[in-house]
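Next come the chains, spelled out residue by residue.
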Amino acid sequence: MKDLNEEQQERAAGLKGLGCSRKRVEDARFTQGKGNYVDDIKMPGMLHGDFVRSPYAHARVKSINTDAAMALDGVVAVLTAKDLEPLSLHWMPTLAGDKQMVLADGKVLFQGQEVAFVVARDRFIAADAVELVEVEYEELPVIVNPFEALQSDVVLREDLAGQTEGAHGPRKHHNHIFTWEVGEKDATEQVLGDAEVVAEETVYYHRTHPCPLETCGAVASMDKVNGKLTVWGTFQAPHVVRTVASLLSGIEEHNIRVVSPDIGGGFGNKVGVYPGYVCAIVASIVTGVPVKWIEDRMENLMSTAFARDYWMTGKISATKEGKITGLHCHVTADHGAFDACADPTKFPAGFMNICTGSYDIPTAYLAVDGVYTNKAPGGVSYRCSFRVTEAAYFIERMIEVLAIELNMDAAELRRINFIKKEQFPYQSALGWEYDSGDYHTAWDKALKAVDYEGLRKEQADRVEAFKRGETRKLMGVGLSFFTEIVGAGPVKNCDILGMGMFDSCEIRIHPTGSAIARLGTISQGQGHATTFAQILASEIGISADSITIEEGDTDTAPYGLGTYGSRSTPVAGAATALAGRKIRAKAQMIAAYLLEVHDNDLEWDVDRFVVKGAPERFKTMKEIAYAAYNQAIPGVEPGLEAVSYYDPPNMTYPFGAYVCVMDIDVDTGVQEIRKFYALDDCGTRINPMIIEGQVHGGLTEALAVALGQEIAYDDMGNVKTGTFMDFFLPTAWEVPNYITDHTVTPSPHHPIGAKGVGESPHVGGVPCFSNAVNDAFRAFGLRHTHMPHDHWRIWQTANRLGLHD
Amino acid sequence: MIPAPFDYYRPSDLDGVIALLQEHGDEARVLAGGHSLIPMMKLRMADVPHLIDLQGIDSLRAINVTGTRVTIGAMVTQHDLIDSAELSSAAPILRETALQIADPQVRYMGTVGGNVANGDPGNDMPGLMQCLDAQLHLIGPDGERSIAARDYYEAAYMTAREDDEVLTAISFDAQPGGYAYEKQKRKIGDYATAAAAVTIQKSGGSVAAASIAMTNLSDTPVWSEAAGAALVGTACDAGAIKAAVAAMLGDIDPTEDNRGPVAFKRHVAGVILTRAITRAWDRA
């Protein structure tokens, strides 16, 4: 953009476009309790559903007796698999090419699995009736460990017995799902064999849960008069839900309207399709009245999509000077009872092959084995693009382990291996083309900001003081440098259930110069109504305050694949900019007519078209909009609207440099975060205030995961962390003050150069917190200790290192 | 998280409460702040067909300090307790403890009486009241009686209170001297991984009297008489503290849970008690 003069700058500022820390327009309603969430939807005659769930992790269902429940006054129906079977809805396809029981069909495979669906006059009667459904179970052997699953004679998925071919190739064992391989196996083994230095480590990324504040739910309403089904629900991808619902139910797609109202956080939890949605829809079709299903907190934690649960074994090789030569990674992926991962179809382990990270690693190989166990299905991307957090955690731990092996400073090891600025676009050994980056500049800025050398000196002094018995606290300096891959994605290789992952924007300019834009995405707290209006404001010269953004209603919004994997800005944001440019192109023709000049004699000037060389002759966008509707212009259709469907040519690759300074009490395992510095480069910055909010939120969820948040099972498959007493959700008290910073390296292929930011802090934050804990003990011989780093595990590490002797 | 059906009562005096308890026997429970009972009802782990709310009984909200005698009504909230200048001056350990319970929102509702009466080993007030040698005042069909906090707890959720009795107040003699309530927890709102209540009276450079109680390290709070005794007569030096910790470790019996295994809890209990004694001695 060329430099603006003072008068132009004033007009530009009035637009509240790109770069403006505009306050979130959503917050007026959210802060006043005026949001409209699924559970706020109330309809006349609406019934309420509730699930009978399995107390066992693996059991045969011998019988289900619903008589007592049906006899309770107010109970309308109790659905079991038998009732759904005639509709072929007792099982449903998953997003990962597997199928999943909607209601227990013969057996249950995880604790909390849906067994029967009670429909009653009110929520309380439904809960009472759940207690009255008698289910006879015969317990079966439980497997909660994926390595044991691959050895066991116990067949978890009897429905797949004898099937040696799965959705992603051959199955090696009856509890095996797929093997996914990327890169050069032989060449990598050769490099590792010849290497001067090889570091090996197994890194477990524990099972956790996205845990949005609003749990999942839906209201289904089948209007039997006009044949139209409306479903309001907690959907991160409402259009996909509509298509899937049509394919499953046989109801034509134009007769299904799916609405995502306000959503109280998603973080990947609301991408998948859950039995509750299906049962609410079936119950409404059966009863002819609206049916609501809202899960409670324990149901959310126990049964809807988990995240992670990756056992990652790595080997990384280097020269004695620290130049990395090769990377080998094998993952044993615990997918639970059904493969319900929400990944693009061709990527059964998501984008795990971004695991070469920010480093120029010439040779690499990745293999992932998916495994069934008696745990809840899921495997969603919790505040990250598909498996990118796992990948970032893996490589950032391997770098630290290699630094120990080389007896080298981990910051320096990173620096000498970063992909250089001039290498972009960079082809990674595992198949990605990184669009842009300037890692060295970001790293140097981060290390300088925290006085890295000073920190290392202080840490060394602390170790000496500890050895002299003067302190019982150690100090950890956690480093991480991450590269994300977001904005899925190019239709040529990214689809979900066959639906290409483009996105869309449709703009309608009103005669008086305000506008509405509708998108195929759906905000769950990201602030789309604020930021997308800013993109448009800069493109079409109408103030963001005069632009309504609407999403989530499939009857009105253009088709899109929804919001997850930081794809809204890279994909729908691009569609918005391009739709805006179509508006501007038509506006230019209208302005030319009004000013009686040729199109080419006009130039765009913030919010108007100006005759070149005659700045006093112009038409503002507002004037043009009025003319578009009210003036007959030869050869130009009335109206001012545009739509753009955007298929991105590539992913975007945001990156960042984080540093965490942590003090650890070796006697109690209590850690205290003294400082956290986060530098993010998300390309062009749309709204710095919202970016900062995203960074704070993502870091807080990273802190949670690294320091205690887990879904833990006992050997019987019982969930040990089913409430907030034990599932760690940090409050303001546990959260440090974050220092945020940035560099700007625009994406070369995105219309406005933006890359997406919502998930970066989580992806970079988890390894940073974890590295801080590990680093605190490096001087005492620790190579690696698994997350979550809660008090007792930190204490155990200190104990094993002999620090309590 | 939907409770089973129940009838709700809100009597305005204790006679009304006792009458309801007599009428419904073990099908009735009294409700104070509700932060233990209501979650249990929502989880359907507690079946309470008759729920008797004590919010309507103003006489249970009194705080009285007369000389050294402190009396706290059962329905005094943790917030009231933190907010009372009188109590903070007479027995500052109460405030120090209450500030480590849950979070401000919970403390506006949660009561001292509920915390003490319920018999949840995770609650902080029981150990504190044992440390202070408090008396618990109960009322039932046969009138009033008092019982020492040190005799009240039998097992998790099992106490000396009969089903038709209600805790009305807690009283104790406030002793001058040093004090500390030290608690390790995983996060705000959590129960203790380990917590210690300590009071110490000092005389001529040595410990004249000491009382020590531990929270969430057995199925009841643990008043460790031996741990306190180990300090008496000493200058509260490292050796004495070590002896007190060793005595305390002989009295606790923690179990493994998500906070960690037994060895960890025992280790942390020792660290926490050491810190509590050190702080109490500094203040003595």
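About the cut-offs
Residues numbered from 1 in each chain as written. Chains lettered and ligands numbered in written order. Predicted model: local features only at pLDDT ≥ 70, side-chain atom pairs only at ≥ 80, totals over all residues. Heavy atoms only, no water. UniProt positions renumbered as here; feature names shortened; annotations may be inferred. Helix = DSSP H or I, 4+ residues; strand = E, 2+ residues; numbered from the N terminus. Domains from an automatic or database assignment. Contact = heavy atoms within 4.5 Å. Buried area = accessible area lost by both parts, 1.4 Å probe. Salt bridge = Lys/Arg side-chain N within 4 Å of Asp/Glu carboxyl O. Nonpolar A, V, L, I, M, F, W, Y, C, P; charged D, E, K, R; others polar. Polar contact = N/O pair within 3.5 Å; in protein donor to acceptor, adjacent residues only side chain to side chain. Pairing = 2+ DSSP bridges. Axes fitted to C-alpha atoms, helices over the stretch in contact; angles between N-to-C directions. Buried < 20%, exposed > 50% of the residue type's maximum accessible area, 1.4 Å probe, protein only. Core = buried A, V, L, I, M, F, W, Y, C linked by side-chain atoms within 4.5 Å.

Looking now at the UniProt feature "domain: FAD-binding PCMH-type" (unreviewed entry) in chain B. In the numbering used here, UniProt assigns the "domain: FAD-binding PCMH-type" (unreviewed entry) feature to residues 1-177 of chain B. Along residues 1-177 of chain B one finds 33% helix and 25% strand; the C-alpha atoms at either end are 46 Å apart.

Glancing now at the domain arrangement of chain A. Residue and element names in this part refer to chain A. What the domain assignment lists for chain A is domain 1 (38-140 + 215-263 + 270-303), domain 2 (306-487 + 651-800) and domain 3 (503-646). Centre-to-centre, using C-alpha coordinates, domain 1 lies 41 Å away from domain 3. Contact with domain 1, which involves 18 residues of that partner, is made by 18 residues of domain 3. Contact between domain 1 and domain 3 buries roughly 1300 Å² in total, counting both sides, with carbon and sulfur atoms accounting for 52%. Of all residues in domain 1, Gln236, His239 and Ile263 bury the most surface against domain 3, accounting for 44% of the area lost on that side. Put simply, domain 1 and domain 3 have two salt bridges between them. Among the ionic pairs, Arg257 bridges to Asp553, the shortest N-O distance being 2.8 Å. With five residues, the single largest contributor to the side of domain 1 that touches domain 3 is helix α8 (residues 238-249). Class assignment for the residues of the side of domain 1 that touches domain 3 results in ten nonpolar, four polar and four charged.

The next point concerns the side chain of Asp680 of chain A. All names here are of chain A. Mapped onto the elements, Asp680 comes out in strand β34 (residues 671-681). Within the structure, Asp680 has its side chain in polar contact with the side chain of Tyr658 (distance 2.8 Å). Once residues within four sequence positions are removed from consideration, Asp680 is found in contact with Phe482, Phe655, Gly656, Tyr658, Val695, Asp741, His742, Thr743, Ser760 and Pro761.

A few words on the sheet that holds strand β2 (residues 28-31) of chain B. Residues and elements named next belong to chain B. If you trace the three strands from one edge of the open sheet to the other, you get β1-β3-β2, paired in parallel fashion. The outermost strands of the open sheet, each flanked by one partner alone, are β1 (7-9) and β2. Ignoring strand direction, the axes of neighbouring strands in this sheet form an average angle of 25°. As defined by bridge partners, β1 adjoins strand β3 (residues 50-53) across three bridges and the pair is classed as parallel. Bridge pairing in β3 links Asp7 to His50. Packed onto the sheet, helix α1 (residues 14-24) meets β1, β2 and β3 and runs at close to 150° relative to β2.

Moving on, we get to the pattern of salt bridges. In a structure, side chains of opposite charge can pair up when their charged atoms sit close to one another. Evaluation of the coordinates by the stated rule reveals 72 salt bridges over all chains. Asp58 of chain B is the salt-bridge partner of Arg61 of chain B, the closest N and O atoms lying 3.9 Å from each other. Asp58 of chain B sits in the exposed class, given a relative accessible area of 58%. Linked through salt bridges whose partners overlap, the residues forming this network are Asp726 of chain A together with Arg186, Asp190, Asp257, Arg259 and Lys265 of chain B.

Right, let's get into the domain arrangement of chain B. All names here are of chain B. Under the domain assignment used here, chain B contains domain 1 (7-53), domain 2 (58-173) and domain 3 (178-283). With centres defined by C-alpha atoms, the gap from domain 2 to domain 3 works out at 20 Å. At the interface, 24 residues of domain 2 touch 25 residues of domain 3. For the pair domain 2 and domain 3, the summed buried surface comes to about 2000 Å²; carbon and sulfur atoms form 56% of the total. Summed over the three residues of domain 2 that lose the most area to domain 3, namely Glu96, Gln100 and Cys131, the buried surface amounts to 27% of that side. At the boundary of domain 2 with domain 3, the tally comes to three salt bridges. A salt bridge links Glu96 to Arg279; the nearest nitrogen and oxygen atoms lie 2.6 Å apart. At the boundary of domain 2 and domain 3, one finds 14 residue pairs in polar contact (both at pLDDT 80 or more). Where the side of domain 2 that touches domain 3 is concerned, the elements lending two or more residues are α5 (92-98), α8 (125-131) and β8 (153-155). A total of five residues in the side of domain 2 that touches domain 3 trace back to one element, the largest contributor, which is α8. Split by residue class, the side of domain 2 that touches domain 3 holds twelve nonpolar, six polar and six charged.

Here the focus is the environment of Glu506 of chain A. Residue and element names in this part refer to chain A. Looking at where Glu506 falls in the secondary structure, it is placed in strand β26 (residues 503-509). For Glu506, a relative accessible area of 24% puts it in the partly exposed group. For Glu506 and Gly580, which are 74 residues apart along the polypeptide, the C-alpha to C-alpha distance reads 9.0 Å. Excluding residues within four positions of it along the chain, Glu506 makes contact with Ile516, Ala517, Arg518, Thr556, Pro558, Ala642 and Val643.

A few words on the nonpolar core. Residues and elements named next belong to chain A. Membership of the largest hydrophobic core comes to 188 residues, with the highest contact counts inside it found for Phe351, Met352, Val368, Phe676, Phe769 and Phe777. The element contributing the most residues to this core is helix α11 (residues 388-406), with twelve residues. Leu536, Ala572, Val611 and Ile624 belong to the second largest nonpolar core, which has 50 residues in total.

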